[in-house]
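# Working through the structure, step by step
Here's the letter readout for the chains.
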Amino acid sequence: MASQTSMNERLIAAAAYGLTMLVAVPLLSVAIAWLFYYLLRGHSVFVQNHLKQNVNLITSYHVYVFVFLLLFLIVPNMGGVLEWLTEKVPLIGITLTLGGISSIFFIIIATLLIMAVLMVLIIFTLFGQWIRVPLIIKFVK
C-alpha cells in the first residue's frame, strides 16, 4: 500500500503527528490534533486514517494522564478519610501513600512512551504504512 500514497499525503500525516508531539502545552496538543482532523479529514483515505489515529492517541493519552493525576492527588489523601483503618493496619496507609507517589512516575513514563510512539508513527507514516495504534480509546471512528 505504500506505493498508493503520494509524498504529499505522507508529509501531511507525519506533520500532524509531529506537531502534536512538539507542542508542550497539554490540552493545546489535543486541540491541534482535532483541528488537523477537521481541516484535512477529506484530503485522502490515508491522511484521514492517520489523522483519526492521531486524534484518538493524543486524546486517550490525556485521559490516561488525567486519571493518573487524580490518583496522584486523591490516593495519598485517603489516609485521612480512612484514619480509623490506617491506625489499625498501618500497611494500608503506607500503600496509599506509595500508590499516590508512584502515580507521578507513571505519568512520566506515559509521557516518554507517547513521545516514542509518536516518533515511530512518524517514521511509519513517511514510509506510507497504514497503522492502527492499540490501547487507545476511539473518540473518532
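Let me sum up the structure you'll find in this document. (Residues numbered from 1 in each chain as written. Predicted model: local features only at pLDDT ≥ 70, side-chain atom pairs only at ≥ 80, totals over all residues. Heavy atoms only, no water.)

This paragraph deals with the overall build of the chain. In terms of regular secondary structure, the chain is built from six helices and zero strands. N-terminal to C-terminal, the α/β element order of the chain is α-α-α-α-α-α. Every one of the 141 residues in the chain was classed for burial, and the buried ones make up 38%. Taking the intrachain contacts of the chain between residues at least 6 apart in sequence as the baseline, contacts between residues at least 24 apart amount to 76%. Taken as a whole, the chain presents about 8600 Å² of accessible surface, with 77% of it coming from carbon and sulfur. (Helix = DSSP H or I, 4+ residues; strand = E, 2+ residues; numbered from the N terminus. Buried < 20%, exposed > 50% of the residue type's maximum accessible area, 1.4 Å probe, protein only. Contact = heavy atoms within 4.5 Å. Areas by Shrake-Rupley, 256 points an atom, 1.4 Å probe, with all protein chains shown as cover.)

What follows deals with the side chain of Ser 44. Tracing the chain through its elements places Ser 44 in the loop between helix H2 (26–40) and helix H3 (45–74). A distance of 3.2 Å separates the side chain of Ser 44 from the side chain of Glu 9, its partner in a polar contact. (Polar contact = N/O pair within 3.5 Å; in protein donor to acceptor, adjacent residues only side chain to side chain.)

Relative to the 21 Å expected for 15 residues at 1.5 Å per residue, H2 spans 22 Å between its end C-alpha atoms, a close match to the ideal helical length. Three or more residues of H2 are buried, namely Ser 29, Val 30, Ile 32, Ala 33, Phe 36 and Tyr 37. Buried residues of H2, viewed axially, fall in a sector of 160°; they line one side. Pointing more than 90 degrees away from the buried face of H2 are the exposed residues Leu 27 and Leu 39. The inward-facing, buried residues of H2 contact helix H1 (7–22) and H3. (Expected span 1.5 Å × (residues − 1). Arc of directions from axis to C-beta.)

Its place among the elements puts Ile 122 in helix H6 (residues 90–126). Look at Ile 122 and you get buried, because its relative accessible area is 15%. Separated by 106 residues in the primary sequence, Ile 122 and Ala 16 have C-alpha atoms spaced 8.9 Å apart.

We now examine the packing of aromatic side chains. Evaluation of the coordinates by the stated rule reveals four aromatic pairs. Ring plane angle 25° and centroid distance 5.4 Å describe the contact between Phe 68 and Phe 106, whose orientation is recorded as stacked. Note that Phe 68 is positioned in helix H3 and Phe 106 in helix H6, a separation of 38 residues in sequence. Residue Phe 106 is classed as partly exposed on the basis of its relative accessible area, which comes to 42%. Ring-pair connections join several aromatic residues into one group, and the members of that group are Trp 34, Tyr 37 and Tyr 38. (Phe/Tyr/Trp six-rings, centres within 6.5 Å; stacked < 30°, edge-to-face > 60°.)

Here Gln 53 shows up in helix H3. Given the relative accessible area of 8%, Gln 53 is considered buried. Polar side-chain contacts of Gln 53 include one of 2.9 Å to the backbone nitrogen of Val 133. When residues no more than four places from it in sequence are discounted, the contact partners of Gln 53 are Tyr 17, Ile 131, Arg 132, Val 133 and Ile 136.

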